[in-house]
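# Working through the structure, step by step
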Amino acid sequence: MRELALNEALYVLKDFQSSNMINHILTLLKYESEESNIYLDLKGEFGMLDSCLLAMKNEKEHYFSLYIFNADSIEKKYNQYRYSTFSYEETIDLHNTLAKLFI
């Protein structure tokens, strides 16, 4: 995962074929402030997006959001996907839970 400027994140997404998942991610980014830090991790092959981890942090407006998008082969066939949204506190709880599982 790497930090990107808003325009860089939009540019990186253009490498993938249009889908409902891509459109959802683009909509989230469209309304994001230029001052936000965008962290993006994309997984996919042959121009199809399989999963995306998107974190947006804005120090000035004091918020953090984490989005996890995923589509298996069946969901991609029907242009469907799953996603979850986490606040800062929920992200810390998720991290602590996962850390206990993998220690």
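Residues numbered from 1 in each chain as written. Predicted model: local features only at pLDDT ≥ 70, side-chain atom pairs only at ≥ 80, totals over all residues. Heavy atoms only, no water.

What follows covers the overall build of the chain. Looking only at helices and strands, the chain features four helices and five strands. Taken from the N to the C terminus, the helices and strands of the chain come in the order β-α-α-β-β-β-α-β-α. In terms of overall dimensions, the chain is globule-like: its C-alpha atoms have a radius of gyration of 14 Å, near the 13 Å expected for 103 residues. Its C-alpha atoms give the chain principal-axis dimensions of roughly 35 × 35 × 20 Å. Among the 103 residues that make up the chain, the fraction classed as buried is 33%. Of the contacts made within the chain by residues no fewer than 6 positions apart, 43% connect residues no fewer than 24 positions apart. Of the side chains in the chain, 10 bear a positive and 16 a negative charge, and the two mean positions are spaced by 5 Å. (Helix = DSSP H or I, 4+ residues; strand = E, 2+ residues; numbered from the N terminus. Rg over C-alpha atoms; globule rule 2.2 N^0.38 Å. Buried < 20%, exposed > 50% of the residue type's maximum accessible area, 1.4 Å probe, protein only. Contact = heavy atoms within 4.5 Å. Lys, Arg positive; Asp, Glu negative; His and termini not counted. Charge placed at Lys NZ, Arg CZ, Asp CG, Glu CD.)

Moving on to helix α1 (residues 6-13). Looking at α1, one finds that the buried residues are Leu 6, Ala 9, Val 12 and Leu 13. Across the axial projection of α1, the buried residues extend over an arc of 125°, all falling on one side. Among the exposed residues of α1, those pointing more than 90 degrees away from its buried face are Asn 7 and Tyr 11. If you follow the buried residues of α1, they end up packed against β1 (2-4), α2 (20-30) and β2 (37-45). (Arc of directions from axis to C-beta.)

Let us look at the pairing of strand β4 (residues 63-70). When strand β3 (residues 48-58) meets β4, the two strands line up antiparallel, connected through eight bridges. Bridge pairing links Leu 54 to Tyr 67 in β4. Counting the residues in the hairpin turn of β3 and β4 gives four residues, including His 62, whose phi is positive at 55°. For β4 and strand β5 (residues 82-86), the ladder comprises five bridges, and the chain directions are antiparallel. Residue pairing for β5: Tyr 67 is matched across the bridge by Thr 85. (Pairing = 2+ DSSP bridges.)

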